[in-house]
Amino acid sequence: MSPSPVTVAVTGAAGQIGYSLLFRIASGAMLGPDTPVALSLLEITPALGAAEGVAMELDDCAFPLLHSISISDDATTAFAGASVALLVGSRPRTKGMERGDLLAANGAIFTTQGRALAESAADDLKVLVVGNPANTNALIAMSNAAGVPRERFTAMTRLDHNRALAQLASRTQRPVTDIRHMTIWGNHSATQYPDLFRAEVGGTVATELVDDQAWLEGEFIPTVQKRGAAIIEARGSSSAASAASAAIDHVHDWVHGTPDGDWVSMAVPSDGSYGVPEGLISSFPVTCADGSYSIVGGLELDEFSRARIDASVAELVEERDAVAGLGLLG
Ligand SMILES: NC(=O)C1=CN([C@@H]2O[C@H](COP(=O)(O)OP(=O)(O)OC[C@H]3O[C@@H](n4cnc5c(N)ncnc54)[C@H](O)[C@@H]3O)[C@@H](O)[C@H]2O)C=CC1
Ligand SMILES: O=C([O-])CC(=O)C(=O)O
């Protein structure tokens, strides 16, 4: 066991995702079996009691890797010394709401938290934004975190990636472990583009194996794009355990690396790759090694994929312009 615990800050700790996420972090699923964890929970004042209750349950699990738990309603206090910050807390989408409606409601949260991260987090900070609209919230936090390197800010499209793996595995009747090179491009929204032209199942290109453009366009892509809304419709509240699991996967792979020969999807600040305007937080195929990620370069994009990526990126540009207009970009 490494001697000093890693501080992991989690916002929205008393929420539904928090309730799944914290137990997996404390069990070692995110940072590995040799890394003790100090959890630092941020909640709004009225939810501090509920966060205390979650902390009591965490205590009751007697997790060997759980070094300590602290709780605060002040972002600078909660982020002090954090090497990993999972920004989950925000107002979730409810029936009939689109992510655009959430921009203003959540913008203020992420300006404050961006500034607080710059003030008190550790030098090796890694940030994952889960709270929606995740890409643009990450952009707001990044642009308000003066002095923190931009590449430390990421947003979650791993749930979409995992949903795409599950849909393809089901259609091809192959285990998810046979699938490589799945990619989600663009925004974590209904415009996202889950790309099967680069995915492979057992070494065969997925689109060639399936060979059914009608399924691709009429079922696969819309199912993945609208899965969040389908879960809300079925469950009456948004995805929580699957979102928590995807957050664990995202940080795990960022810290421990992606398997040889494969990649994952992460929304990261664009370096201009694939024509995505620099600085937008957009989903790309990435590989991770030594605690850093790199956008996979040199992929040839067909016309079908290009048009869909452009549509999702156009939505990100609109969101960026909207929050810039609201004065939320530092
Ligand atoms: N990127 C993705 O793939 C996914 C994102 N989400 C998003 O994750 C977010 C959280 O979802 P749930 O846990 O289901 O929501 P929830 O409503 O159950 O929990 C949110 C928690 O955040 C807290 N909170 C609100 N403002 C805060 C602030 N300023 N600081 C700290 N905590 C604050 C609330 O008090 C609440 O406890 C939502 O925005 C949801 O849309 C959900 C699923 C997938
Ligand atoms: O759709 C929502 O509001 C929750 C979410 O992000 C998802 O499940 O992908």
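Residues numbered from 1 in each chain as written. Chains lettered and ligands numbered in written order. Predicted model: local features only at pLDDT ≥ 70, side-chain atom pairs only at ≥ 80, totals over all residues. Heavy atoms only, no water.

**Description of the site of ligand 1**
Stated formally: Being near a molecule or strand, for a residue, means having at least one of its heavy atoms within 4 Å of it. Here a polar contact is recorded for every N or O atom pair within 3.5 Å, except that within protein the pair must consist of a potential hydrogen donor and a potential acceptor, and residues adjacent in sequence are included only if both atoms are side-chain atoms. The way it works is that DSSP assigns letters per residue, a run of H or I at least four long becomes a helix, a run of E at least two long becomes a strand, and they are numbered from the N terminus. Asp, Glu, Lys and Arg are counted as charged, while Ala, Val, Leu, Ile, Met, Phe, Trp, Tyr, Cys and Pro are counted as nonpolar; the rest, among them Gly, fall into the polar class.
Within the structure, ligand 1 sits among 26 residues, and Q16, E43, S90, V130 and N132 are positioned closest to it. Contact distances for ligand 1 include 3.3 Å between a nitrogen atom and a backbone N or O atom of G12. G15 is positioned such that a nitrogen or oxygen atom in its backbone is 3.4 Å from an oxygen atom of ligand 1. Counting residues per element, the ones that place at least two in the shell around ligand 1 are α1 (16-27) and α4 (99-120). Residues of the shell around ligand 1, tallied by class, amount to 12 nonpolar, 11 polar and 3 charged.

**Some thoughts on the sheet that holds strand β7 (residues 179-180)**
Condition: Two strands pair under a simple rule: DSSP has to find at least two bridges between them.
In space, the 3 strands of this open sheet follow the order β7-β10-β11, with antiparallel pairing throughout. The two strands at the open ends of the sheet, each matched to only one other strand, are β7 and β11 (204-205). Bridge analysis of strand β10 (residues 200-201) against β11 gives 2 bridges, and the strand direction is antiparallel. Bridging across to β11, V201 finds its partner in T204.

**A short note on the pairing of strand β1 (residues 6-11)**
Stated precisely, the cut-off is as follows: Whether a residue is buried, partly exposed or exposed follows from its accessible area with a 1.4 Å probe, protein chains only, as a fraction of its type maximum: under 20%, in between, or over 50%, in that order. When the strands point away from the viewer, a crossover counts as right-handed if the path from the first strand over the helix to the second runs clockwise.
In terms of burial, β1 is largely enclosed, as 5 of its 6 residues are buried. Taken together, the 6 bridges between β1 and strand β2 (residues 37-42) define a ladder with parallel strand orientation. By the bridge assignment for β2, V6 is matched with V37. At this point the chain moves from β1, through α1, to the parallel β2, and the crossover so formed is right-handed. Sheet topology note: the β1/strand β4 (residues 84-87) ladder contains 4 bridges and is parallel. For A9, the partnering residue across the bridge sits in β4 and is A85.

**Some details on the UniProt feature "binding site: NAD(+)" (unreviewed entry) in the chain**
Defined as follows: UniProt positions are given in the numbering used here, feature names are shortened, and annotations may be inferred rather than shown by experiment. By definition in these notes, contact holds between two residues if any of their heavy atoms fall within 4.5 Å.
Taken from the UniProt record, the annotation "binding site: NAD(+)" (unreviewed entry) applies to G12, A13, A14, G15, Q16, I17, G18, N106, Q113, V130, G131 and N132. Here G18 lies in helix α1. Apart from residues no more than four positions distant in its own chain, G18 is found in contact with G12 and A13. Summarising the element assignment, N106 is placed in helix α4. Not counting chain neighbours up to four residues away, the residues in contact with N106 comprise S90, R91, N132, P133 and N137.

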